[in-house]
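Architecture at a glance
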There are 2 protein chains.
Amino acid sequence: MKERGSLVEMDKIEGLNDIVGFHIRLAHGAVNRHFTETFADLDLTQKQVSVLWLTDDHPGISQIDLGRELQMDRATTMTIVNRLQQRDFIRRERSLTDGRKQALHLTDEGRTALSAAKQCIAQHEAWLKSRLKPSEIEKLVEMLSRIHD
Amino acid sequence: MKERGSLVEMDKIEGLNDIVGFHIRLAHGAVNRHFTETFADLDLTQKQVSVLWLTDDHPGISQIDLGRELQMDRATTMTIVNRLQQRDFIRRERSLTDGRKQALHLTDEGRTALSAAKQCIAQHEAWLKSRLKPSEIEKLVEMLSRIHD
DNA sequence: CCGAATTGTATGCTTCACTAACGAATTAGC
DNA sequence: GCTAATTCGTTAGTGAAGCATACAATTCGG
């Protein structure tokens with residue numbers, strides 16, 4: 001006897017399992033855990049791979065644009081780019097068109113790492129997609145996109 | 001001209017936007033950000049609310065079972081329960097049936113906090129659900145459940 | 001009863017996210 | 001053109017989470 005939408009009983013809304021956000025959090029945890037295993041050898045995180053990938057797709061991209069694309073603030077972007085620069089995967093150059101910006105480029109090492117990462121991503125995605133029917137994958141991505149804009 | 005499924009071109013698999021895990025991560029970020037705003041006054045995180053909620057639903061639950069439900073290891077569960085205990089939301093008792101376990105209970109303060117939290121959750125969920133059609137919500141939760149088991 | 005497994009605990013490390021402040025460069029307003 | 005506001009990068013500090021490891025107490029299997 002589930003009483004939903006009852007304005008009287010506002011306290012006991014629903015069970016934790018009916019909270020959409022709860023499932024998004026759990027799914028993210030599961031995906032992240034599997035990602036970490038898959039990338040143990042490469043020693044790269046999701047964020048790091050994303051930054052490598054985007055930098056490769058948009059050579060000379062600024063940190064602020066990188067952050068906008070991945071929904072991170074400037075400070076967070078800094079720490080990630082710093083790590084990748086320390087490992088000689090990314091090179092910072094002052095932008096020629098806007099002196100405030102840094103133009104980011106992959107090094108050869110960075111390209112090699114990204115290439116290896118993409119192989120692992122393929123594995124990781126295969127694991128994830130094995131839990132969904134092809135038609136569902138499209139639907140899922142579309143719905144998630146609506147959530148994150 | 002997107003070349004998909006090409007076995008020759010294994011390096012350039014697809015765009016970042018075609019990676020399901022990428023969208024899960026972004027969606028989680030967006031949800032978490034909105035959650036944090038909504039809960040700024042209460043000063044509670046998703047995990048903390050989840051622990052309060054589950055402890056309320058299962059009085060006397062052990063930390064290990066809490067962790068299993070929320071997919072956290074023992075150490076992570078500890079830190080969260082510690083924080084909630086420091087704020088007098090949760091009380092630890094030695095289990096009567098198994099001396100290794102702690103039986104967790106909400107305090108009156110904890111119940112008050114959870115009650116307030118559930119009001120905020122309702123707001124937060126409304127924001128999230130406003131981006132989806134009712135029929136989609138069910139489908140989304142079902143798919144996410146398949147991902148996190 | 002003894003060894004193995006379970007549970008809680010303590011410690012330390014890492015990633016990520018955010019805030020606040022500052023300087024340098026650019027842009028806008030007048 | 002010149003000041004004022006804004007943008008971008010940078011640094012430093014805080015806090016939540018997740019994980020690994022080690023240890024003690026308890027329980028369980030034989």
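Reading the values: the criteria
Residues numbered from 1 in each chain as written. Chains lettered and ligands numbered in written order. Predicted model: local features only at pLDDT ≥ 70, side-chain atom pairs only at ≥ 80, totals over all residues. Heavy atoms only, no water. Helix = DSSP H or I, 4+ residues; strand = E, 2+ residues; numbered from the N terminus. Axes fitted to C-alpha atoms, helices over the stretch in contact; angles between N-to-C directions. Parallel < 35°, antiparallel > 145°, perpendicular 65-115°, else oblique. Contact = heavy atoms within 4.5 Å. Nonpolar A, V, L, I, M, F, W, Y, C, P; charged D, E, K, R; others polar. Left-handed = near helix turned anticlockwise from the far one by under 90°. Least-squares fit on C-alpha atoms with pLDDT ≥ 70 in both. Near = heavy atom within 4 Å. Polar contact = N/O pair within 3.5 Å; in protein donor to acceptor, adjacent residues only side chain to side chain.

**With respect to unusual backbone geometry**
Residues and elements named next belong to chain B. Its identity as a non-glycine residue notwithstanding, Asp 43 has a phi of 55 degrees, on the positive side. Within the secondary structure, Asp 43 is located in the loop between helix H1 (20-38) and helix H2 (46-57). Phi angles above zero are rare outside glycine, and Asp 149 is one such case at about 75 degrees. For Asp 149, the location among the structural elements is in the segment after helix H6 (134-148).

**Here we look at the packing of helix H3 (residues 63-70) of chain B against helix H4 (residues 74-86) of chain B**
All names here are of chain B. Relative orientation of the contacting elements H3 and H4 amounts to 105 degrees, with a least axis distance of 9 Å. Classed by the angle they form, the pair H3 and H4 counts as roughly perpendicular. Where H3 approaches H4, its residues Gln 63, Ile 64, Leu 66 and Gly 67 are matched on the opposing element by Arg 74, Thr 77, Met 78 and Val 81. The class makeup of the residues in the contact of H3 with H4 is 4 nonpolar, 3 polar and 1 charged.

**Digging into the packing of helix H1 (residues 20-38) of chain A against H6(B)**
When two helices pack together, you describe them by how their axes are tilted relative to each other and by the distance separating the axes. Contact pair H1(A) / H6(B): the axes reach a minimum separation of 8 Å and the direction vectors enclose 30 degrees. Classified by the angle their axes make, H1(A) and H6(B) are roughly parallel. The crossing of H1(A) and H6(B) is left-handed. Across the interface between the two elements, Val20(A), His23(A), Ile24(A), Leu26(A), Ala27(A), Ala30(A) and Val31(A) from H1(A) touch Ile137(B), Leu140(B), Val141(B), Leu144(B), Ser145(B), Ile147(B) and His148(B) from H6(B). Here the residues of the contact of H1(A) with H6(B) are counted per class, giving 11 nonpolar, 3 polar and no charged.

**Some remarks on the relation of the copies chain A and chain B**
At an RMSD of 0.1 Å, chain A and chain B line up after a rotation of 180 degrees and a shift of 0.0 Å along the axis. Given the turn and translation reported, the copies of this chain are related as if by a two-fold rotation axis. Both copies contact each other with a shared surface, as 100% of the interface residues of chain A are interface residues in chain B too.

**As for the protein's contact with DNA strand C**
The full set close to DNA strand C counts 21 residues, and Thr45(A), Asp73(A), Ile64(B), Arg74(B) and Gln102(B) are the nearest of them. Take Thr45(A): an N or O atom from its side chain is 2.6 Å from a phosphate oxygen of DNA strand C. In this structure, a phosphate oxygen belonging to DNA strand C sits 3.1 Å away from a side-chain N or O atom of Arg92(B). Secondary-structure elements contributing two or more residues to the surface near DNA strand C are helix H4 (74-86) of chain A together with H3 and H4 of chain B.

Function cannot be read off these values alone, since they describe shape.
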